[in-house]
Amino acid sequence: MQSLKANSVRGARPFQAAAPRPVRFVACNAAALQFIKGVSEPTIPEVRLTRSRTGANGTATFVFDNPSIFQASGEMGDITGLFMVDDEGTLSTTDVKAKFVNGKPQAIEAKFQMRSQFEWDRFIRFMDRYSENAGLGFDKK
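Overview of the structure. Quick caveat, the model's predicted, so the values are computed rather than measured.

A separate point is the nonpolar core. Residues L33, F62, M84, F112, F123 and F126 are the most contacted members of the largest nonpolar core, which totals 20 residues. The set of elements that each furnish at least two residues to this core consists of β1 (32-36), β4 (58-65), β5 (82-86), β8 (104-114) and α2 (117-134). If one sorts the elements of this core by residue count, α2 sits on top with five residues. Ignoring sequence-local partners within four residues, the contact set of F123 consists of L49, A60, F62, M84, L91, F112 and M114.

Now for the sheet that holds β8. Ordered in space as β3-β4-β8-β7, the four strands form an open sheet in which the pairing is antiparallel. With one partner strand each, in any of the chains shown, β3 (46-51) and β7 (96-101) form the two edges of the open sheet. The sheet shows a mean angle of 20° between the axes of neighbouring strands, direction not considered. In this sheet, β8 lies alongside β4 in antiparallel orientation, the contact comprising eight bridges. Pairing of A60 across the sheet is with F112, part of β8. Each of β3, β4 and β8 touches α2; the most contacted strand, β3, lies at about 155° to it.

What follows deals with the pairing of β8. Direction of pairing for β7 relative to β8: antiparallel, over a ladder of six bridges. If you follow A98 over to β8, its bridge partner there is I108. Counting the residues that bridge the hairpin from β7 to β8 gives two residues, and of these N102 lies at a positive phi of roughly 55°.

Okay, the pattern of salt bridges next. Scanning the entire structure with this criterion turns up seven salt bridges. Close ionic contact of E88 with R122 constitutes a salt bridge, the shortest N to O distance being 3.6 Å. Taken together, the residues span a long stretch of sequence, with E88 in the loop between β5 and β6 (89-93) and R122 in helix α2 at a distance of 34 residues. A relative accessible area of 38% places E88 in the partly exposed class. On the basis of relative accessibility, which here comes to 7%, the residue R122 falls in the buried class. When the shortest N-O distance is used, the salt bridge between E88 and R129 registers 2.8 Å. Residue E88 is found in the loop between β5 and β6, and its partner R129 is found in helix α2; the two are separated by 41 residues along the sequence. One salt-bridge network, held together by shared partners, links D86, E88, R122, R125 and R129.

Reading the values: the criteria
Residue positions within a chain follow its written sequence, with the count starting from 1. Totals for whole chains, interfaces and linings use every residue, but because this is a predicted model, local features are given only for residues with pLDDT of at least 70 and side-chain atom pairs only at 80 or more, for both listing and counting. The side-chain quantities take in all heavy atoms of the structure and omit both hydrogens and water. The nonpolar core is taken to be a set of buried Ala, Val, Leu, Ile, Met, Phe, Trp, Tyr and Cys residues, with the residues joined through side-chain atoms within 4.5 Å. Burial classes follow relative accessibility: with a 1.4 Å probe on protein chains only, a residue under 20% of its type's maximum area counts as buried, one over 50% as exposed, and anything between as partly exposed. Runs of E in the DSSP output that reach at least two residues are strands. Runs of H or I that reach at least four are helices, and both are numbered from the N terminus. Contacts are assigned to residue pairs with any non-hydrogen atoms lying within 4.5 Å of each other. By the convention used here, strands pair only if DSSP detects at least 2 bridges between them. Simply put, an axis is a line fit to the C-alpha atoms, just over the touching stretch for a helix, and the angle between two N-to-C directions goes from 0 to 180 degrees. Here a salt bridge means any side-chain nitrogen of Lys or Arg lying within 4 Å of a carboxyl oxygen belonging to Asp or Glu.

Set out below in structure tokens:
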């Protein structure tokens, strides 16, 4: 009768603990909203999300009350869209409208359309980063 030992199979090696793999940390710079590329908007918007029942389409609506870009836009350039910048890259929309009260700019509304599950997931990753930096919370209505 033969007994089995750890090395009883010809050419086999004894079990060893796997070498510890290096832990990778992904540095995440702050996610930012910009109306002019390179100039972050410090005003925190109200963000409303809608999504189709199938999940194929969605819309994010950003409403900025009295954003600081109104005071600085003449010096820095024109508002060309809303740019959502983070470590993964940039999401953008040109659907940006200013609201005026008594001839003075009061608010900016921007809409970002998502036309696929991939775009939705990418936007949610951006919003997770942005909300963490800005201290936003999610309120499901």
